[in-house]
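The primary structure of each chain is shown beneath.
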Protein chains: 2
Amino acid sequence: MTTARTVPQVPTPPALDLTADPAELTAALIDVESVSGNEGPLADAVEAALRSYPNLRVHRDGDAIVARTELGRSERVVLAGHLDTVPLPSVEGSRGTVPSSWSGTDADDDRVLWGRGATDMKGGVAVQLALAASLTEPNRDVTYVFYDHEEVDSAKSGLARLYRNAPEMLEADFAVLLEPTNGTVEGGCNGTLRFTIDPAGLAAHSGRAWRGENAIHKLADVLSVLAEYEPREIEVEGLVYREGLNAIRIQGGVAGNVIPDAARVEINYRFAPDKSLDQAQEHCRELFPGHELTFVDLSPAARPGLDRPSAAAFVDAVGQEPQPKYGWTDVARFSEKGVPAVNFGPGDALLAHTDDEHVTAAAIRDCHRALENWLTA
Amino acid sequence: MTTARTVPQVPTPPALDLTADPAELTAALIDVESVSGNEGPLADAVEAALRSYPNLRVHRDGDAIVARTELGRSERVVLAGHLDTVPLPSVEGSRGTVPSSWSGTDADDDRVLWGRGATDMKGGVAVQLALAASLTEPNRDVTYVFYDHEEVDSAKSGLARLYRNAPEMLEADFAVLLEPTNGTVEGGCNGTLRFTIDPAGLAAHSGRAWRGENAIHKLADVLSVLAEYEPREIEVEGLVYREGLNAIRIQGGVAGNVIPDAARVEINYRFAPDKSLDQAQEHCRELFPGHELTFVDLSPAARPGLDRPSAAAFVDAVGQEPQPKYGWTDVARFSEKGVPAVNFGPGDALLAHTDDEHVTAAAIRDCHRALENWLTA
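Residues numbered from 1 in each chain as written. Chains lettered and ligands numbered in written order. Predicted model: local features only at pLDDT ≥ 70, side-chain atom pairs only at ≥ 80, totals over all residues. Heavy atoms only, no water.

For the rest of this paragraph, the subject is helix α2 (residues 40–51) of chain B. Here α2 of chain B contains 12 residues, and its C-alpha end-to-end distance of 16 Å stays within 8% of the 16 Å for a straight helix at 1.5 Å per residue. Elements in contact with the buried residues of α2 of chain B: α1 (22–30), β1 (57–61), β2 (64–68), α3 (118–134) and β6 (141–147) of chain B. (Helix = DSSP H or I, 4+ residues; strand = E, 2+ residues; numbered from the N terminus. Expected span 1.5 Å × (residues − 1). Contact = heavy atoms within 4.5 Å.)

On the chain B side, the residues contacting the 38 residues of chain A number 39 residues. The largest share of the area that chain A buries against chain B comes from W210, H217 and I250 of chain A, three residues that together contribute 18% of it. Summed over the shared surface of chain A and chain B, the result is zero salt bridges. Going through the elements one at a time, α5 (220–228), β13 (244–252), β14 (258–259) and β15 (263–271) of chain A are the ones with two or more residues in the side of chain A that touches chain B. Take the side of chain A that touches chain B: its biggest share by element is eight residues, from β13 of chain A. Where β13 of chain A meets strand β13 (residues 244–252) of chain B, three bridges bridge the pair, whose relative direction is antiparallel. (Buried area = accessible area lost by both parts, 1.4 Å probe. Salt bridge = Lys/Arg side-chain N within 4 Å of Asp/Glu carboxyl O. Pairing = 2+ DSSP bridges.)

Moving on, we get to the packing of aromatic side chains. Residue and element names in this part refer to chain A. The final tally for this structure, using the stated rule, is 16 aromatic pairs over all chains. When the ring of F195 is compared with that of F288, the centres are 6.0 Å apart and the planes differ by 55°; the resulting orientation is tilted. With F195 in strand β9 (residues 191–197) and F288 in the loop between α6 (277–287) and β16 (293–299), the pair connects residues that are 93 residues apart, well separated along the chain. Both residues of the pair, F195 and F288, count as buried. (Phe/Tyr/Trp six-rings, centres within 6.5 Å; stacked < 30°, edge-to-face > 60°. Buried < 20%, exposed > 50% of the residue type's maximum accessible area, 1.4 Å probe, protein only.)

For the rest of this paragraph, the subject is the pairing of strand β7 (residues 174–177) of chain A. In summary, the side chains of a regular strand alternate between the two faces of the sheet. All names here are of chain A. Of the two faces of β7, the one carrying F174 and V176 and the one carrying A175 and L177 are both buried. As paired strands, strand β3 (residues 76–82) and β7 are joined by four bridges and run parallel to one another. Looking at the pairing, V77 lines up with F174 of β7. Pairing of β7 with strand β18 (residues 341–343), which is carried by three bridges, proceeds in the parallel orientation. Residue V176 lies in a different strand from β18, and its bridge partner there is V342.

As structure tokens, then:
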């Protein structure tokens, strides 16, 4: 009664060479597919690589990894990046996929690296890893944070989970999120909220429309406000944030001969960090008097925090004029916890999530050099 | 190797007693379910009953039946009605179903007949059948038309098919359609058309809305025109028609963070019979300058034709002030062929298609009496 037993094969995480050129390291990271929900193998590889450096204290929570120097410096900074990517391109022949590929001359900075995550944001993660390995004596203590589930519902965010499970691991004076900014410093971020307006009507046969009340027609003034709205540009700590107020969905009607008794428009407001969430909601309510607003998504803005000494030192070291960040990023989570945060990473944000995602080797190396200068000056 | 053979049972059409009280006859008609597409058994029963009257020349086309007197009168009129109904109520306990049921005192006019088709329009069909059987010597030649597929796509219309296959059978000076009008004469009908407006935009991430063009916002002026539009009341041949211009569907948007590049509103215009289809379309184009209108459905209006002698005589005989018909009915098909037509039938049109469709016995008898007076005076 003996049977052959199958020995489970535990997949060995690919070994990452953190001492390699960070552009080469980026290619190695892309080659480990890590679409949101499947960060495990990449997290394993990152954890194994970091644990081989005795200067780092490594902590793992799910597929998030925190590696900290413990040098007793007077200042501590976070370098953070997410391990996950959006799904692979569905269009055949797209180069922004897995595995990665190179184009351009082999040995120089003209080379371009193509692959899913090239810009968003395995280039940034490679820079983090290279610095973690090389900076045994940084001038500030550094907390390297790698996390999962950034590209999906906020409720799944690995960074939010870390803040719930081990907030002390994330304490810092300043944070740099290595999201793609084309190598400039982008401070803070706009907040974003969504709401619906759902006027009620009264159904009737369209041949006797006067017996009903057309719910779609009740959206006329709402769309007029939107069409005429002049989005503001608002300066916060020297950066100018551009706002936006847009219908992103509209729906109503049931049949060709029925006066619709329901209609809905869903509106997205992107607001500058001069406003709290409450103030942003109040602004929306004032724009649509006589309508009931149902808020369905609320993410606060983040002030750039460039007036803090640690941030100013960073901007000086990078040597570039900081810019505002329009899109919402996880800097808002740091900001909420009182940690001023900026975005600074290789690659063009407009290529993120595209079928032809790519980044130049030069951009990755420049970012690495700037952060290395700041942390060793 | 013998097997028992099943002899196919050809269903015998239920025998209809056309000499019965027309309210009782209505109940018998309701009891033969005839949802559009399943008019066969009822058409068989109607045909069989009519063929037993030698004063009628009976013609069948599909599930439509035409029965004509051939008395050589100087005038010929059509009495028309459809055999089909909308589907049975889906809500359990609804009384507007099959078989029929009665409420109220048994022997008098207070009785109410419940069932699918009670108002739309087996009461009218019963009146037609009763007259066909009893009026052997009407003062005008009469063409009784019973047809299928009225409650579905116009392309399936049994009346339209009759006009294609045997137009000579439908020649007449005047037509009465026994659709429910609560016993009043309703002349002509509004026309109806639909069109869409589909502005184009330019997609962009909603965090950088200024790179896109919001297609939904481009519907603002369209909805404003609709909300402010004052539908007109237009007198035609002494009847006042009430128009209507209504959005009946609106749609746009793809995701919560994308500026929509497409949106669509679909609009229904119900127009008085002072306008041709072309004029009605022109009116719509003038209302929405700068927009392209795509017309998706076009049904002309019908003038009441009450200035014709045959119509005037009918109105006199009925003895009621005629009213305009707002909904589109098959009078428009007669009107298109040069036959002035009115609606005149038992039951409240607002009960048509409802789960509790019903009609009073009195309404059916009154309608029968009025037509009998007209055709025997």
